[in-house]
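Commentary on secondary and tertiary structure
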Amino acid sequence: MIFPARALSTAVLTLLVVPITTVAAAPQATADAGGRSHAASARRLLAQLKVARPLPLRGYSHRRFQPRWAHHRGACDARETVLARQGRGVRRDADCRPVKGAWYSPYDGRVLKSVKQVDVDHLVPLAYAWRSGAARWSQARRRAFANDLTRPELVVVSHSVNMAKGGRGPQSWRPPRRSHWCRYATAWIAVKHHHRLSVTGKERTALLNMLRTCRR
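Below you will find a few notes about this structure. Bear in mind the structure is a predicted one, so any value in this text is a computation, not a measurement.

1. A look at the state of the cysteines
Any covalent bond linking the sulfur atoms of two cysteines counts as a disulfide. Overall, the coordinates contain two disulfides when judged by the stated rule. The residue that forms a disulfide with Cys76 is Cys96, at a sulfur-sulfur distance of 1.9 Å. Because the torsion about its S-S bond is 85°, the bridge between Cys76 and Cys96 counts as right-handed. Here the residue Cys76 occupies a position in strand β3 (residues 76-77), and Cys96 occupies one in the loop between β4 (87-92) and β5 (98-105), the gap between them amounting to 20 residues. Judged on exposure class, the residue Cys76 and its partner Cys96 are both buried.

2. Notes on the side chain of Glu203
Within the secondary structure, Glu203 is located in helix α9 (residues 201-211). A polar contact of 3.0 Å, which involves the side chain of Glu203, links it to the side chain of Tyr128.

3. What to know about helix α6 (residues 139-146)
Where α6 is concerned, the buried positions are Arg142, Phe145 and Ala146. Buried residues of α6, seen end-on, are gathered within an arc of 95° and therefore sit on one face of the element. Close packing links the buried residues of α6 with β7 (118-122), α5 (126-131), β8 (154-158) and α8 (181-194).

4. Some words on the packing of α8 against α9
Relative to each other, α8 and α9 sit at 135°, their axes nearing to 8 Å. One element, α8, and the other, α9, form an angle in the oblique class. Crossing angle aside, the handedness with which α8 passes α9 is left-handed. Between α8 and α9, the contacting residues are Trp181, Cys182, Tyr184, Ala185, Thr186, Trp188, Ile189 and Lys192 on the first element and Glu203, Leu207, Met210 and Leu211 on the second.

5. Examining unusual backbone geometry
One non-glycine residue, Cys96, lies in the positive phi region at around 80°. In this model, Arg196 sits at a positive phi of 55°, which is unusual for a non-glycine residue. Looking at where Arg196 falls in the secondary structure, it is placed in the loop between α8 and α9.

6. What about the packing of aromatic side chains?
This structure, assessed with the given rule, holds 10 aromatic pairs. Centroid distance Tyr107 to Tyr184: 5.5 Å. Interplanar angle 80°. Geometry classified as edge-to-face. Of the two residues, Tyr107 sits in the loop between β5 and β6 (110-112) while Tyr184 sits in helix α8, which places them 77 residues apart along the sequence. Across the pair, exposure class does not vary: Tyr107 and Tyr184 are buried alike. The structure contains a cluster of three or more aromatic residues connected by ring pairs, namely Tyr60, Phe65, Trp130, Trp137 and Phe145.

7. Regarding the pairing of β4
If a strand is regular, its side chains alternate between the two faces of the sheet. The pairing of β4 with β5 spans four bridges and is antiparallel. Note that in β5 the partner of Gly87 across the bridge is Trp103. Two successive antiparallel strands, β4 and β5, enclose a turn made up of five residues, where Cys96 displays a positive phi of approximately 80°.

Definitions and cut-offs
Residues numbered from 1 in each chain as written. Predicted model: local features only at pLDDT ≥ 70, side-chain atom pairs only at ≥ 80, totals over all residues. Heavy atoms only, no water. Disulfide = S-S within 2.5 Å. Helix = DSSP H or I, 4+ residues; strand = E, 2+ residues; numbered from the N terminus. Buried < 20%, exposed > 50% of the residue type's maximum accessible area, 1.4 Å probe, protein only. Polar contact = N/O pair within 3.5 Å; in protein donor to acceptor, adjacent residues only side chain to side chain. Arc of directions from axis to C-beta. Contact = heavy atoms within 4.5 Å. Axes fitted to C-alpha atoms, helices over the stretch in contact; angles between N-to-C directions. Parallel < 35°, antiparallel > 145°, perpendicular 65-115°, else oblique. Left-handed = near helix turned anticlockwise from the far one by under 90°. Phe/Tyr/Trp six-rings, centres within 6.5 Å; stacked < 30°, edge-to-face > 60°. Pairing = 2+ DSSP bridges.

Written out as structure tokens, the structure is:
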């Protein structure tokens, strides 16, 4: 799903910016590729997921998951936390909004130097999760899913690649960077397994095919 950055007014930009400690923006290709041991673990988790037909989209609304980003710590919400920890040289204003930094988009390999170029993607899109079982969840459980900072559900990516992905799953969309397919598939499976979401037959096949790209 697409969540563009909040507009920064001229007044906000004049506020004092403070540095925050962040992780490196561009991971090494070897780490990005994963390994066969990770693939084996992912296959075991995938085998435990229920294979089912998707539920109807009827009743879905983004607000059923996320009327707003959840507060996390201090003035920061979940989105701002993700932008901080997945960026490099990130600076934020007094309200925790990033005003400067660099972010690596693993889906397409781009390095983004403006917050206007980035989105925080829900790896498993909210509408897709709805059809995978989240339609039966409580509002609180859906909100926890949409703001999950522990699993690899929230990923900083380029706005353009997030637009291309939309709400699709791996059977109809894959990252342009083939070298990221292994990590994408293992992350997708980890999220679905933790949240006990089902997969379709075509989705399962697509994930297994992507796991075949994992290196030793």
